[in-house]
Amino acid sequence: MRVVPFLTRIGKELKLLLGVKGVEDRAARMMLQERRQPDSSIFEMLVALAYRRRRWSRVEFVPETPGRGQTPDMYVFRTGSRWAAECKRMVPSTYATREKSRGTVLAQPVHQMCLELGEAVIVEVKYQVELHEVEDDYLVRHVRSAIERRSLTPWKDEVATGRVRPIDWTLLRRILAKDYVYFDGSRMIELLAGRYIHTADHSMAAKWRPAPLRPTYADAVYQASVVSWVSESEAAVRQKARHFRSTIANAERQLPSDRPGVIHVGIETSAGSEVDFTRHFFNTMQARTFAPATSRLRWVYANYFVPEATTRENETWAITETMVPYKIGHHRTRWPLPGHMLVSPEDGSESGVHWHPRNGVVASSNEE
């Protein structure tokens with residue numbers, strides 16, 4: 001499901017993409033050699049489409065020939081101008097993956113306790129320290145205390161702030177009376193908790209009855225517990241705000257010295273505005289001080305993709321995309337692809353970054 005919006009854009013403009021020299025070979029590589037990890041080839045096609053959409057007269061992928069040495073992903077041409085372009089994808093950091101796994105481990109005893117006691121609760125936590133520093137029984141001790149005291153008062157200590165509240169079944173039961181709900185999805189969490197926090201991580205457990213002929217959908221839910229958490233530790237924010245200096249250093253080696261170069265970086269992120277603002281700050285500083293080794297690198301385009309776990313009834317995916325240009329060093333070379341978007345419609349898009357509340361474009365599909 002994560003690649004649906006990217007493939008949708010390619011499908012809509014397939015005729016335009018077929019005008020790119022070498023695209024058939026790139027598609028074959030994706031289907032045969034990169035079936036398990038097609039992200040890089042899909043991203044390269046989206047970048048090629050962006051140049052064709054902006055009326056660059058010729059866009060061609062550079063064949064990967066063994067023994068030829070390092071080459072860029074594509075060359076782009078128009079009257080009086082030629083550029084080399086290299087494309088790189090950045091996925092969420094291993095730190096973020098480990099942090100989510102640790103949060104899930106901390107939530108498991110809560111689910112087990114709630115099942116044994118027959119309790120149905122929502123637990124919302126803001127950790128102030130890195131999650132690997134949190135004791136295994138920290139969360140379950142606080143939740144047990146809140147349940148025993150029937151207290152809605154939040155707790156606060158040096159480790160975290162949090163609260164426990166009972167599930168209000170009204171909304172979910174109203175929906176289940178006339179429809180089925182996919183169990184392991186964000187809509188189920190939203191119906192149980194009353195809201196879905198996109199910047200948080202979630203863990204859910206429940207006793208539920210599968211729908212007839214649709215075993216992944218719930219027909220009834222009898223007991224449930226939801227744990228939602230965010231990490232506000234400064235150390236954790238810095239760890240997750242992985243900037244792109246090493247990425248552009250590796251990509252820059254692919255660029256030639258006989259023409260200006262541009263690097264397109266696709267950054268997939270769901271860590272929240274604070275992390276992404278920190279990453280943007282680091283990227284800006286790194287771009288200003290980056291010294292190309294042998295190429296004529298002039299610009300880095302960062303397209304930030306924020307996938308949303310949509311909670312709408314008939315929506316299968318939603319994504320927020322914003323684009324930020326980073327100028328490399330000091331020069332007067334104009335950027336080759338101003339104001340472009342790779343997935344979202346460019347008409348009506350706003351400049352800026354998604355962590356500013358007024359900026360960004362949400363692209364969505366309503367097809368199931």
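Our subject is the structure listed above.
Note that this is a predicted model, so its numbers are computed, not measured.

What counts as what
Residues numbered from 1 in each chain as written. Predicted model: local features only at pLDDT ≥ 70, side-chain atom pairs only at ≥ 80, totals over all residues. Heavy atoms only, no water. Axes fitted to C-alpha atoms, helices over the stretch in contact; angles between N-to-C directions. Helix = DSSP H or I, 4+ residues; strand = E, 2+ residues; numbered from the N terminus. Parallel < 35°, antiparallel > 145°, perpendicular 65-115°, else oblique. Left-handed = near helix turned anticlockwise from the far one by under 90°. Contact = heavy atoms within 4.5 Å. Nonpolar A, V, L, I, M, F, W, Y, C, P; charged D, E, K, R; others polar. Core = buried A, V, L, I, M, F, W, Y, C linked by side-chain atoms within 4.5 Å. Buried < 20%, exposed > 50% of the residue type's maximum accessible area, 1.4 Å probe, protein only. Pairing = 2+ DSSP bridges. Phe/Tyr/Trp six-rings, centres within 6.5 Å; stacked < 30°, edge-to-face > 60°. Salt bridge = Lys/Arg side-chain N within 4 Å of Asp/Glu carboxyl O. Polar contact = N/O pair within 3.5 Å; in protein donor to acceptor, adjacent residues only side chain to side chain.

Caption draft 1: Expanded view of the packing of helix 1 (residues 4-12) against helix 4 (residues 39-53). Contact geometry of helix 1 with helix 4 gives a least axis separation of 10 Å together with a crossing angle of 40°. The angle between the axes of helix 1 and helix 4 places the two elements in the oblique class. For the pair helix 1 and helix 4, the sense of crossing is left-handed. Residue-level inspection shows F6, L7, R9 and I10 of helix 1 in contact with helix 4, the latter providing I42, M45, L46, L49 and R53. Grouping the constituent residues of the contact of helix 1 with helix 4 by class yields 7 nonpolar, no polar and 2 charged.

Caption draft 2: Fine view of the nonpolar core. Formed by 32 residues in total, the largest nonpolar core has its most connected members in Y51, V59, M74 and L342. Where this core is concerned, the elements lending two or more residues are helix 1, helix 3 (23-32), helix 4, strand 1 (58-61), strand 2 (74-78), strand 3 (81-90), strand 11 (296-308) and strand 12 (317-327). Per-element tally for this core: the top contributor is helix 4, with 9 residues. Setting aside anything within four residues of it in sequence, one finds L342 in contact with R9, F43, L46, V47, A50, R53, N303, F305 and E321.

Caption draft 3: Representation of the pairing of strand 10 (residues 260-268) within the structure. Of all the 9 residues making up strand 10, 9 are buried; the element is thus mostly covered by neighbouring parts of the structure. Residues of strand 10 alternate between two faces, with P260, V262, H264, G266 and E268 on one and G261, I263, V265 and I267 on the opposite face, all of them buried. Sheet topology places strand 3 next to strand 10; 7 bridges connect them, and they run parallel. Each bridged residue has a counterpart across the sheet, and for C87 the counterpart in strand 10 is H264.

Caption draft 4: Representation of the packing of aromatic side chains in the model. The final tally for this structure, using the stated rule, is 8 aromatic pairs. Seen in terms of ring centroids, Y51 and W56 are 5.7 Å apart; in terms of plane orientation they differ by 85°. Their pairing is edge-to-face. You'll find Y51 and W56 in the same group, each marked buried. Between F281 and F282, the aromatic rings sit 6.1 Å apart at their centres with planes inclined by 55°, giving tilted as the arrangement. Given the relative accessible area of 46%, F281 is considered partly exposed. Overall, F282 belongs to the partly exposed group, its relative accessible area being 25%. Linked through ring pairs, W299, Y301 and W335 together constitute an aromatic cluster.

Caption draft 5: The arrangement of the pattern of salt bridges in detail. Tallying each qualifying case throughout the model produces 17 salt bridges. We note a salt bridge from R26 to D73, for which the minimum N-O separation is 3.9 Å. Separated by 47 residues along the polypeptide, R26 in helix 3 and D73 in the loop between strand 1 and strand 2 bring together distant segments of the chain. Like D73, R26 is buried. For R209, the salt bridge is made with D219, and the minimal N-O distance between the two is 2.8 Å. Of the two residues, R209 sits in strand 8 (residues 201-211) while D219 sits in strand 9 (residues 214-231), which places them 10 residues apart along the sequence.

Caption draft 6: Just the side chain of R102, in detail. Relative to the elements of secondary structure, R102 occurs in helix 5 (residues 94-117). Filtering out sequence-adjacent residues up to four positions away, R102 remains in contact with L131, H132, V134, E135 and D136.

Caption draft 7: Looking closely at the environment of W83. Structurally, W83 can be placed in strand 3. Look at W83 and you get buried, because its relative accessible area is 3%. In this structure, the C-alpha to C-alpha distance between W83 and P256, residues 173 residues apart in sequence, is 9.6 Å. A polar atom in the side chain of W83 sits 3.2 Å from the side chain of S81.

Caption draft 8: Geometry of the packing of helix 5 against helix 6 (residues 138-149). At a minimum axis separation of 8 Å, helix 5 and helix 6 run at an interaxial angle of 30°. Read as a crossing pair, helix 5 and helix 6 show a hand that is right-handed. Judged by residue contacts, L106, A107, P109, V110, M113 and C114 of helix 5 engage L139, V140, V143, R144 and I147 from helix 6. Looking at side-chain class alone, the contact of helix 5 with helix 6 contains 10 nonpolar, no polar and 1 charged residues.

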